Amino acid sequence: MSRPAQRVGATPTKRLAEDGGESPLSSGLRKLDLSSRSTNLSSASDICPVCKSSRYLNQNMKFLINPECYHKMCESCVDRIFSRGPAPCPIAGCKRTLRKVRFRDQTFEDLALEREVDIRRRIGKVFNKTQDDFETLKDYNNYLEIVEDCTWNLINKVDVEETEKRLQQFAAAQSQEEAEISGTSGTSTPRNYSTPDPSSRGLLKKSLGARHALDKSQSGASTPGANGDSDTLFTFKGLKKRIAPPPEKPYDPFGGWSTTPEYYVLQDFYDVGDWLNKSRDDPAHLAGGQDIRDFYTRALCDAFSGFGVFVEDEVAGRTPEDPVIATENAAVAAVSRDVNMDDVF
Amino acid sequence: MALSPMDSPRSVPGPAKTLAAKTKALAVQNAASSPLSSGASTPTEGTMDLAEQMNDQTRKQFVTGARLGEGTYAIVYAGHYRHDPTRLVAIKKIKVNADYKDGVAMDAIREIKYLQELSHPNIIKLHAVFSTKDQNLSLVLEHLPLGDLEQLWKNKDVRYGGADIKAWACMLARAVWFCHKNFVLHRDIKGNNLLIAADGNVKLADFGLARSFADPFRPMTYNVITRFYRPPELLYGARYYGGAVDVWSMGVVFAELALREFFLPSETDIQQLSVICDVFGTPTEETWPGVSKLEFYTPPSNPSSRPQPLQFWRARFGILGDDGIELLRAMLTMDPKRRLTAQQVLEHRYWTNAPRPTEKEDLPKNGGGAKVMGEDLKRRGGEIESGRADKVARKLFG
C-alpha cells in the first residue's frame with residue numbers, strides 16, 4: 001500500500017539507482033524505505049480491542065478482520081477464541097458467529113471501504129452481464145442502474161433481507177440457465193452446474209437462502225425465463241436470449257476445397273495409342289513412381305478447363321473494390337477486342 | 001490451372017476473382033518481358049509502351065521499406081501497398097544472375113510461373129511482379145512474419161503437442177495436395193520453406209525448383225530437393241517420377257516436427273541413401289519392383305539391413321499416436337508406387353481422429369519477426385542451412 005506513494009516522492013537519484021546499478025547510496029535508501037514501510041503499518045498506538053495487548057508488548061502483532069462484522073482483532077485473539085470452532089464475536093454488542101477460516105488481512109485502512117469493496121465484488125460475480133448481452137445501450141444502462149440500486153441497498157443496509165433474497169434467486173436462475181445451455185450444446189463441461197439432486201452433499205453446504213431459492217426453482221411451478229422474470233424479482237428489458245454455441249463441425253482435412261470434376265468421369269485406362277501404353281509397362285517409369293493416371297487427369301482437366309467460365313458474367317460481376325492490378329487499358333482490351341486471355345498461361 | 005472450374009473453394013465461386021487473376025497474369029507476363037514486348041503497344045503518352053506503363057503502374061502500387069535480408073540470389077525488402085499501409089508485403093528482388101546473362105534466372109521464372117497460378121490459403125501468395133530500371137525482377141509476396149517450421153521445432157522455448165503437430169502437418173498436406181491437383185511438383189519441401197503467417201497459417205513457399213508434371217518419356221532431373229528430404233528414387237537417379245517425391249519430403253518434415261530434430265541427416269548423397277536404408281531396409285526387387293533398373297542402383301554388398309520394427313517407430317513417434325505412425329510410415333514408403341498420394345494422405349483417418357487439430361489461431365508461435373522472413377525468402381532452392389550450398393549441384397534442365 002505504502003509503496004506507490006513512496007515511489008512518487010522518491011528523488012531522481014533513487015530512481016536511477018533502482019533502475020540500474022547498486023550503489024551505497026541506493027542500498028542506504030532502500031533500508032530507509034523498508035523501515036518507513038514497517039512504521040507505516042504499525043503505529044505505536046496499535047492496541048487490540050479484545051486483549052488490550054499493544055505493539056509495545058508484542059512487536060509482531062498482526063490484525064485480522066472477518067467480513068461478517070469487520071471487527072478488528074489481533075492474531076493471537078483469533079487463535080485463542082476461534083480455534084475450537086465457531087464462536088460469537090468478542091466485541092461488545094456484536095453477537096455474530098464468526099469462523100476462523102474467514103479471518104483475513106485488511107486491504108484498506110477504512111473498514112467501511114473494505115466492506116463496500118467486498119459487497120461490490122460479491123454482486124459483480126452475480127450480475128456479470130456485459131453490454132453485448134443487451135439489445136441497446138439504454139437497456140444496459142437500465143440494468144446497471146438496477147445493479148447499483150441493489151449494491152446501494154446492501155451497503156447502506158436498506159432492505160437487506162429482501163435484497164439478499166433477490167440476489168440469491170437471481171444467482172440460482174443464472175446457474176440453471178447455464179446448465180441448460182451446456183446441456184443443449186451436448187458438450188460435458190468440467191464445471192457442470194446442473195441442478196443437483198436434493199440429497200447431494202453440495203447442497204448441504206449452501207446457505208439457507210440459496211437452498212430456498214433452489215427449492216423454489218426446482219419445484220417447477222414456474223421456470224425462470226431467460227430474461228430474469230418475476231421469479232427472480234428482477235426484470236431486465238432488452239436482455240438477449242442466451243444461445244448455446246453451435247456444436248463443433250467435424251474436421252475437414254481438405255479445408256473446404258473440392259476436387260470432383262464436374263464435366264467428366266475419369267477412367268482408369270484410355271487406349272490412345274502405343275506411345276502412352278508403353279509407358280505403363282516401362283520399368284523406368286514404374287520404378288520412378290510416375291503415374292500414368294496423373295497424365296490422364298491432366299489431359300482431361302486441360303481439355304475441360306474453361307468450361308463454365310463466362311467472360312460476360314465475370315465482367316458484370318466485377319466490383320469496384322476488386323484489386324485491379326493491371327491497367328484499365330488491359331481490362332478494356334480484354335473485353336472489347338476479344339483477346340484470348342487464356343493464352344498468357 | 002487455378003482457374004479451372006474443378007478446383008475452386010466451395011464457398012466462394014467468385015467470378016470477379018478470376019478476372020483479377022487473369023489481368024494480374026497479364027501484368028506479370030508483361031513485367032517479365034518488358035524490354036521485348038514493344039509490338040503490342042498502342043500509341044500512348046510519352047515514349048513508354050503499354051508494357052512499360054503497366055509495369056510502372058504495378059510498381060507504383062507498392063512502397064518498398066527496410067531491407068530484411070540479402071542472399072546470393074535475392075534481396076528481400078519489407079513493403080506495403082501505397083493506398084493502404086496496413087497491408088504488408090515482402091518484396092523479393094531477384095539479383096541479376098551471372099549464369100543467365102540474357103534473361104531471367106530459372107528460379108525466378110519457375111517461382112512466378114507457378115505461384116501466379118496457385119491460390120490457396122496454405123501457399124504463399126504472389127501479389128504482383130514488376131521490374132525496376134536496372135532490369136531486376138521484383139516479386140511482391142505475402143508478408144509472413146512468424147518464422148518457419150524448422151525454427152519452430154529447433155526453438156526449445158516453444159512447446160507443442162500432438163494436436164499442434166497435426167494442425168501443421170495438415171496445412172502442409174493441403175498445400176502439397178493443392179499443388180499436385182494443379183499438376184505442380186514443388187520439389188523442395190522442407191521445414192525452412194514452410195513459413196508461418198501472422199494468423200498461424202503455414203504457407204508453402206519457395207517455388208524455385210517447382211515444375212509441372214512431366215509427360216511420359218519426358219525425363220526430369222533427379223538433382224532436386226534438399227538432401228535430407230530427398231526420396232530414395234531420386235537418390236537412385238530416377239528420371240521419371242511424380243508427386244510421390246513431394247510426399248516423401250512431407251513425411252520427413254512430419255517426422256521432424258514430432259522428433260524435434262532432423263530425422264534423416266547426412267553429409268553426402270551416398271550417406272543419405274544408407275541412412276534411409278538403415279531405417280527402411282535395403283530395397284529389393286520384391287519390396288520395390290524395378291528398383292534395380294534405376295540408374296545409380298548398386299546391389300548391396302554388405303548384408304542388407306532390415307526395416308526397423310514397429311517398436312522403433314513407437315519409441316520415437318509416440319506423440320503422433322498409432323494412426324500418426326501408420327500415416328508417417330505410409331508416407332515414407334520406399335517404393336514410390338506404394339507410397340500414398342497427397343490425396344490419400346488427406347483422406348487418412350489420422351486427421352479426423354482425436355485429438356482434433358489445434359485451431360490455427362491457438363498454435364504455439366515463435367517470435368520470428370520480419371528479419372527471419374527475410375532470411376527465409378532470400379534463400380535459393382535446394383540450399384542447406386550450413387552454407388555449403390556450392391556442394392549442391394543444380395541441374396535445372398534435363
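Predicted model, so just to flag it, every value in this text is computed and none were measured.

Let us now look at the overall build of chain A. When its secondary structure is counted, chain A shows 14 helices and 4 strands. Evaluated residue by residue, chain A yields a buried proportion of 32% over its 345 residues. Surface summary for chain A: the accessible area is close to 22800 Å², and the carbon and sulfur share equals 54%.

Let us look at the overall build of chain B. From N to C terminus, chain B includes 12 helices and 9 strands. Pairs at least 24 residues apart make up 67% of the contacts formed inside chain B by residues separated by at least 6 positions. Carbon and sulfur atoms form 53% of the exposed surface of chain B, whose accessible area is close to 16200 Å².

Here the structure, examined in full by the defined rule, presents 27 salt bridges over all chains. Across the pair arginine 293 of chain A and aspartate 291 of chain A runs a salt bridge whose closest N-O atoms are separated by 3.1 Å. According to the relative accessible area criterion, arginine 293 of chain A is partly exposed, its value standing at 42%. Taking relative accessible area as the criterion, aspartate 291 of chain A reaches 18% and is therefore assigned buried. Taking the shortest distance from any N to any O, the salt bridge between glutamate 142 of chain B and lysine 203 of chain B comes out at 2.7 Å. Within this pair, whereas glutamate 142 of chain B is found in strand 5 (residues 137–142), its partner lysine 203 of chain B is found in strand 8 (residues 202–204), the two being separated by 61 residues in sequence. For the pair formed by glutamate 142 of chain B and lysine 203 of chain B, the shared burial category is buried. A single network of salt bridges, built from pairs that share partners, joins Arg104, Glu114, Asp118 and Arg121 of chain A.

Mapped onto the present numbering, the UniProt feature "active site" (unreviewed entry) falls at Asp188 of chain B. Mapped onto the secondary structure, aspartate 188 of chain B falls in the loop between strand 6 (184–185) and strand 7 (194–196).

Attention now goes to the environment of glutamate 361 of chain B. Residue and element names in this part refer to chain B. The topology assignment puts glutamate 361 in the loop between helix 11 (342–347) and helix 12 (369–378). Judged by relative accessible area, which is 44%, glutamate 361 ranks as partly exposed. Here lysine 360 takes part through its side chain, which lies 3.5 Å from a polar atom of the side chain of glutamate 361.

Residues and elements named next belong to chain A. Across chain A, pLDDT averages 72, with 65% of residues at or above 70. Every residue in residues 1–22 scores below 50 in pLDDT, and together they form 22 contacts with partners more than four places removed in sequence or on other chains. Across residues 186–230 the pLDDT falls below 50, and counting only partners more than four positions away or on other chains, this stretch makes 41 contacts in the model.

For the rest of this paragraph, the subject is the packing of helix 10 (residues 274–281) of chain A against helix 12 (residues 292–304) of chain A. Residue and element names in this part refer to chain A. Close contact between helix 10 and helix 12 brings their axes to 10 Å; oriented N to C, the two are set at 145°. Facing Trp275, Leu276, Ser279 and Arg280 of helix 10, the residues of helix 12 in contact are Ile292, Phe295 and Tyr296. Residue composition of the contact of helix 10 with helix 12, grouped by class: 5 nonpolar, 1 polar and 1 charged.

A few words on helix 8 (residues 269–280) of chain B. All names here are of chain B. Helix length check: helix 8 (12 residues) gives 16 Å between terminal C-alpha atoms against 16 Å at 1.5 Å per residue, within 8%. For helix 8, the full list of buried residues reads Gln272, Leu273, Val275, Ile276, Cys277, Val279 and Phe280. Residue glycine 281 follows helix 8 closely and has a positive phi angle near 85°.

Along an α-helix, residues three or four positions apart point the same way, because every turn accommodates 3.6 residues. When the terminal C-alpha atoms of helix 7 (residues 244–259) of chain B are compared, their 23 Å separation across 16 residues agrees well with the 22 Å that a helix rising 1.5 Å per residue should span. Counting buried residues along helix 7 of chain B, 15 of its 16 residues qualify, which places the element largely inside the surrounding structure.

Another aspect to go through is the nonpolar core. Residues and elements named next belong to chain B. Core analysis: the biggest nonpolar cluster contains 119 residues, and Phe207, Phe263, Phe280 and Trp351 have the highest contact counts within it. Broken down by element, this core gets its largest block of residues, 13 residues, from helix 5 (residues 162–181). Two domains each donate at least three residues to this core, and these are domain 1 (15–142) and domain 2 (149–397). In this structure, phenylalanine 263 is in contact with Val252, Ala255, Glu256, Val279, Phe280, Trp313, Phe317 and Leu332, ignoring residues within four places of it in sequence.

Let's shift gears to the environment of leucine 172 of chain B. Residue and element names in this part refer to chain B. Here leucine 172 is to be found in helix 5. You can call leucine 172 buried: its relative accessible area is 4%. Residues leucine 172 and phenylalanine 254, 82 residues apart in the sequence, show an inter-C-alpha distance of 8.9 Å. Apart from the residues lying within four places of it in its own chain, the contact partners of leucine 172 are Ile189, Leu194, Met250 and Val253.

One pass over the structure, following the stated rule, counts 32 aromatic pairs over all chains. Relative to phenylalanine 130 of chain B, the ring of phenylalanine 62 of chain B lies with its centre 6.3 Å away and its plane at 20°, an arrangement referred to as stacked. Here phenylalanine 62 of chain B, found in strand 1 (residues 62–70), pairs with phenylalanine 130 of chain B, found in strand 4 (residues 126–131); they are 68 residues apart in sequence, far enough to count as distant. We note that phenylalanine 62 of chain B, like phenylalanine 130 of chain B, is buried. Over the ring of phenylalanine 63 of chain A we find lysine 72 of chain A, and its NZ or CZ is 5.2 Å from the ring centre. The residue whose ring lies beneath arginine 87 of chain B is tyrosine 81 of chain B, and the NZ or CZ to ring-centre distance is 4.1 Å.

Our focus in this paragraph is the pairing of strand 5 of chain B. Residues and elements named next belong to chain B. Counting buried residues in strand 5 gives 6 out of 6 residues, a clear majority hidden from the surface. Across 6 bridges, the pairing between strand 3 (residues 88–94) and strand 5 is antiparallel. The residue bridging lysine 93 from the neighbouring strand is serine 138, located in strand 5. Where strand 4 and strand 5 come together, 5 bridges link them in antiparallel fashion. Across the sheet, the residue bridging to valine 129 is leucine 139, located in strand 5.

About the criteria used
Within any chain, residue numbers begin from 1 and follow the written order of that chain's sequence. As they are written, the chains are lettered A onward and the ligands numbered 1 onward, keeping that order. Reporting of local features is limited, given that this is a predicted model, to residues whose pLDDT is at least 70; pairs of side-chain atoms are given and counted only at 80 or more, and all residues count toward the totals for whole chains, interfaces and linings. Water and hydrogen atoms were dropped before computing side-chain values, which therefore reflect all heavy atoms in the structure. Put simply, DSSP marks the helices as runs of H or I at least four residues long and the strands as runs of E at least two long, and each gets a number from the N terminus on. Between buried and exposed lies partly exposed: a residue is buried under 20% and exposed over 50% of the maximum accessible area for its type, with that area taken using a 1.4 Å probe on protein chains only. Each accessible area is a Shrake-Rupley result for a 1.4 Å probe, and residues are judged covered by the shown protein chains and nothing else. In this analysis, two residues are considered to be in contact whenever any of their non-hydrogen atoms come within 4.5 Å of each other. Any Lys or Arg side-chain nitrogen found within 4 Å of a carboxyl oxygen on Asp or Glu counts as a salt bridge. UniProt positions are given in the numbering used here, feature names are shortened, and annotations may be inferred rather than shown by experiment. Between N or O atoms, a polar contact is any pair within 3.5 Å; within protein, one atom must be a potential hydrogen donor and the other a potential acceptor, and residues adjacent in sequence are included only when both atoms are from side chains. The predictor attaches a confidence to each residue, called pLDDT, with possible values from 0 through 100. Here the axes come from fitting lines to C-alpha atoms, over the contacting stretch only for helices, and the angles between their N-to-C directions go from 0 to 180 degrees. Think of it as three bins: nonpolar holds Ala, Val, Leu, Ile, Met, Phe, Trp, Tyr, Cys and Pro, charged holds Asp, Glu, Lys and Arg, and polar takes everything else, Gly as well. One less than the residue count of a helix, multiplied by 1.5 Å, gives the span that helix is expected to have. The nonpolar core is taken to be a set of buried Ala, Val, Leu, Ile, Met, Phe, Trp, Tyr and Cys residues, with the residues joined through side-chain atoms within 4.5 Å. The domain limits used here are those given by an automatic or database domain assignment. Think of it this way: a Phe, Tyr or Trp ring, Trp meaning its six-membered ring, pairs with another when their centres are within 6.5 Å, and the plane angle makes it stacked under 30 degrees, edge-to-face over 60, tilted otherwise. Whether a charge sits over a ring depends on NZ of Lys or CZ of Arg being within 6 Å of the ring centre and within 35 degrees of the ring normal. Strand pairing is assigned whenever DSSP identifies at least 2 bridges connecting the two strands.

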